[in-house]
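# A structural walkthrough
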Amino acid sequence: FTGAPVYALEGSVAYSGSVIQWLRDNLQLVSSASESEAIARSVPDNGGVFFVPAFAGLFAPHWRGDARGVLCGLTAFNTKAHIVRAALEASAFQTVEVAEAMQKDSEHRMPLTTLR
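These notes cover the structure that comes with them. These figures come from a predicted structure and were not determined experimentally.

### So, the layout of surface pockets
Of the pockets and cavities examined, the second largest pocket occupies roughly 240 Å³. Lining the second largest pocket are 20 residues, with Val 52, Leu 58, Ala 90, Gln 94 and Glu 97 sitting closest to its centre. Broken down by secondary-structure element, the contributors of at least two residues to the lining of the second largest pocket are β1 (50–52) and α3 (80–105). Among the elements that take part in the lining of the second largest pocket, α3 stands out by supplying seven residues, more than any other. Residues of the lining of the second largest pocket, tallied by class, amount to 14 nonpolar, four polar and two charged.

So, in structure tokens, the structure goes:
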């Protein structure tokens with residue numbers, strides 16, 4: 001081994017990819033996972049719809065096993081595209097929360113340089 005130490009932090013987002021499967025299988029809002037992006041892009045924003053896919057609680061950084069999923073902000077204006085977009089955004093929001101928790105846990109000594 002030569003050079004400076006390299007550190008890794010790990011975080012877990014529960015129900016990220018399987019949210020699209022849930023939209024397909026349970027709500028039948030998409031016919032395939034591959035079409036979810038096109039549906040989400042068909043609207044300019046989430047139309048005020050927010051989704052928290054806490055089907056089995058919330059993982060990092062909240063660690064709330066008693067949390068449950070929430071779909072909120074619905075109005076008569078919203079379409080399935082807004083719900084699909086909110087679901088995709090939920091994965092992004094959860095990823096940001098985990099990345100921010102990693103940054104906090106490292107006490108800002110180790111900048112987050114790569115996310116895979």
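Structure shown, so let's carry the discussion forward.
### What to know about the pattern of salt bridges
Opposite charge on two side chains permits them to pair, given that their charged atoms come into close proximity. Under the counting rule described, the total for this entry stands at four salt bridges. When the shortest N-O distance is used, the salt bridge between Arg 24 and Asp 25 registers 2.6 Å. Using a relative accessible area of 39% as the deciding quantity, one classes Asp 25 as partly exposed. Glu 89 serves as the salt-bridge partner of Arg 85, at 3.0 Å between the closest nitrogen and oxygen. Remark: Glu 89 and Arg 85 occur in helix α3; sequence separation between them is four residues, near one turn of the helix. Exposure remark for Arg 85: the relative accessible area of 22% places this residue in the partly exposed category.

Definitions and limits used
Residues numbered from 1 in each chain as written. Predicted model: local features only at pLDDT ≥ 70, side-chain atom pairs only at ≥ 80, totals over all residues. Heavy atoms only, no water. 1 Å grid on protein atoms, 1.4 Å probe; cavity = no way out; pocket = protein on both sides within 12 Å on 5 of 7 lines; lining within 4 Å. Points joined across faces, edges and corners; volume = space filled by probe spheres on them. Helix = DSSP H or I, 4+ residues; strand = E, 2+ residues; numbered from the N terminus. Nonpolar A, V, L, I, M, F, W, Y, C, P; charged D, E, K, R; others polar. Salt bridge = Lys/Arg side-chain N within 4 Å of Asp/Glu carboxyl O. Buried < 20%, exposed > 50% of the residue type's maximum accessible area, 1.4 Å probe, protein only.

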